[in-house]
Amino acid sequence: MENRRVRVRFAPSPTGPLHMGGVRTALYNYLFAKHHGGDFILRIEDTDQNRFVPGAEAYIIEALSWCGIHPNEGVGFGDGPYAPYRQSDRKPMYRQYAEQLVNAGHAYYAFDTSEELEEMRKRIEAAGGSSSYNAITRQNMKNSLTLSEDEVKNRIAAGETYVIRMKIPRNEEIRVKDLIRGWVVVHSGQMDDKVLFKSDGMPTYHLANVVDDYTMKITHVIRGEEWLPSAPLHVLLYRSLGWESVMPEFAHLPLLLRPDGNGKLSKRDGDRLGFPVFPISGSLLDTKTNKPESFSGYREAGYFPDAFINMLALLGWHSSGNQELYTMEELIKEFSLDRVSKSGAKFDPEKTKWFNQQYLRKRSDAELAAVWLKELQAKNINTTQAYVEKAVHLIKEKAVFSTDFWSLGSFLFEAPVAYDAEVIKKRWNEKSAQFVDAVAKAFAALEPFTAASAETCFKQTAETMGIKTGEVMQLFRVCLIGAPVGPALFELIELLGKTESVKRLEEAHKKIKVTVTGA
Ligand code: GLU
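Residues numbered from 1 in each chain as written. Predicted model: local features only at pLDDT ≥ 70, side-chain atom pairs only at ≥ 80, totals over all residues. Heavy atoms only, no water.

K.L.:
How should I be thinking about the state of the cysteines in this particular structure?
P.N.:
Every disulfide links exactly two cysteines, by a covalent bond between their sulfur atoms. Per the stated rule, a full pass over the model turns up zero disulfides. Sulfur of Cys479: no disulfide; nearest cysteine sulfur belongs to Cys457 and is 15 Å away. Since its relative accessible area comes to 0%, Cys479 is described here as buried. (Disulfide = S-S within 2.5 Å. Buried < 20%, exposed > 50% of the residue type's maximum accessible area, 1.4 Å probe, protein only.)

K.L.:
Quick question: what am I supposed to make of the packing of aromatic side chains here?
P.N.:
Here the distance between the centres and the angle between the planes together describe a pair of aromatic rings. Across all of its chains, the model carries 28 aromatic pairs by this definition. For the pair Tyr109 and Tyr162, a centre-to-centre distance of 5.1 Å together with 90° between the ring planes defines the contact as edge-to-face. Taken together, the positions of Tyr109 in strand β4 (residues 107-110) and Tyr162 in the loop between α5 (149-157) and β5 (163-166) put the pair 53 residues apart, joining distant regions of the chain. Per residue, the accessibility class of Tyr109 equals that of Tyr162, and both read buried. Taken together, the aromatic side chains of Phe435, Phe443, Phe449, Phe458, Phe476 and Phe490 make up a single cluster linked through ring pairs. Taking NZ or CZ as reference, Arg165 lies 3.8 Å from the ring centre of Tyr133, over its face. Directly above the ring of Trp354 sits Lys351, whose terminal nitrogen or CZ lies 4.4 Å from the centroid. (Phe/Tyr/Trp six-rings, centres within 6.5 Å; stacked < 30°, edge-to-face > 60°. Helix = DSSP H or I, 4+ residues; strand = E, 2+ residues; numbered from the N terminus. Lys NZ or Arg CZ within 6 Å of the ring centre and 35° of its normal.)

K.L.:
So what exactly am I meant to see when it comes to the pattern of salt bridges here?
P.N.:
When the charged atoms of two side chains with opposite charge come close together, those side chains can pair. By the definition in use, this model includes 38 salt bridges. Put simply, Asp89 and Arg86 hold a salt bridge, and the shortest N to O gap is 2.7 Å. Judged by relative accessible area, Arg86 falls into the partly exposed class, the value being 25%. The shortest N-O distance in the salt bridge between Glu225 and Arg181 comes to 3.2 Å. Here Arg181 lies in the loop between β6 (173-178) and β7 (182-187) and Glu225 lies in the loop between β9 (220-224) and α7 (231-240), a separation of 44 residues in the sequence. Classification of Glu225 as partly exposed rests on a relative accessible area of 23%. Among the charged side chains, a salt-bridge network with shared partners connects Arg9, Arg43, Glu45, Arg90, Asp212 and Asp213. (Salt bridge = Lys/Arg side-chain N within 4 Å of Asp/Glu carboxyl O.)

K.L.:
Please explain the sheet that holds β5 as it appears in this structure.
P.N.:
The pairing of strands in a sheet comes from backbone hydrogen bonds and takes either a parallel or an antiparallel form. Spatially, three strands are ordered β4-β5-β8 in an open sheet, and the strand pairing comes out antiparallel. Each edge of the open sheet is held by one strand with a lone partner, namely β4 and β8 (195-197). On average, each strand axis in the sheet is tilted by 45° relative to the strand beside it, whichever way the strands run. In terms of strand pairing, β4 meets β5 through four bridges, oriented antiparallel. Across the sheet, the residue bridging to Tyr108 is Arg165, located in β5. Each of β4, β5 and β8 is contacted by helix α3 (residues 95-103), which is oriented at about 105° to β4, the strand it contacts most. (Pairing = 2+ DSSP bridges. Axes fitted to C-alpha atoms, helices over the stretch in contact; angles between N-to-C directions. Contact = heavy atoms within 4.5 Å.)

K.L.:
Hey, could you run me through the site of the ligand in this one?
P.N.:
Looking at the ligand, the residues that line it are Arg9, Ala11, Pro12, Ser13, Glu45, Tyr205, Asn209, Arg223 and Trp227. A distance of 3.0 Å separates an oxygen atom of the ligand from a polar side-chain atom of Asn209. Within the complex, 85% of the 290 Å² of free accessible area of the ligand lies under protein. Broken down by class, the residue content of the shell around the ligand amounts to four nonpolar, two polar and three charged. (Near = heavy atom within 4 Å. Polar contact = N/O pair within 3.5 Å; in protein donor to acceptor, adjacent residues only side chain to side chain. Areas by Shrake-Rupley, 256 points an atom, 1.4 Å probe, with all protein chains shown as cover. Nonpolar A, V, L, I, M, F, W, Y, C, P; charged D, E, K, R; others polar.)

Shown next as structure tokens:
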């Protein structure tokens, strides 16, 4: 076991969009594989035809790609030596293992109809017992343990439908070693004879999962805590199939909790609590209502994939120090399962925004400008990449998302149509109006026109007129951009340029005067 190449897999079922908890599971698998120089596989577990959702597989692939989690083998990412990677395409290989288990006495055929199963359930529940198909109840049911060998053969030959069930030992302790939780011990009396192989010729999740992990040479199973109750059965399957020596190690990840810590963060929480729970937006069939359902994602909400990944990485894992910002390479270097916590991790939407803000600040002006330029062009605004780079430089400090740019800096592209009423009321008077006019004239003659020269010019004009700059500063800003707050004033003026700044000051002088005299 020690010398095996690390191979892990993310094995989602295409039953709907991939929840952010699923992305975290994929991420931890990916980080673990890369940390150990191993392989990360994407396997699609689609044995349950009833819950199959068209488009879910494509969604999973797109979501992982957006996150930068690239499997080196698997559906959508190129075949490796263990193809195919979709369980429905592997269908022919499972029956032999189910039969191997029957032949070795670890599993059995069961012919009970759904009515018979229902009847058993009612009978036992009426007697106050637990209704599972197990070491005791199986004795009264129609299966290859109670029927004669001939009858079993005849039934199968006659084409009667049957399932293959695991024969759980009656009285045994099953021990699962979990890398995060330590030893988990379950008494077999609490387990039921799970179906391994269904009447439609498909394996169930349990059999397919174990057979695939074995045949794909998986060394570590890293998955959500909700699979912990299945682990004892999987351990028994490895043992019963004679694969114990190559059984993977298990690590069950803690749940993601709602921001208030009250329960598991579920698929439905996203729209209810006002933040996305999916990586990317989409619309997929909801198997409960049988209607397409739209859902929102982090990508469309303006998050950067690296910010989203950084946030997710720290949801249940912590580093050795107190560093919070990690590139994918740094995460790969630092990641280890022994720093994954046992208890649930509370999701914090505000902190998620903080991460995005940090990543936005790290982006170059050129990169952010390219994003903004697209939006500006869609608004039919005539500008250039060079101008937008300077514009974004002025406002990015305040932005959390690139979608904030317009509200933070529309005035860099459009002259104001209204002026902050409070500032006007407080500061607009004959003297300040003259001042605005005087600065407009002085600016028009200013050469060169830079932030520094504009500032000096502004101050000198005020001094000549006997005005304290503090009295007109805010007003001056309002004349230029309409609002009393915004980026560094003289840098903003330099970017607008001489012509535009003068035009705006003249315009303000004209318009505000009209407003005041008209009032
Ligand atoms: N198909 C299971 C799921 O949807 C995989 C569980 C596992 O990793 O074993 O999560």
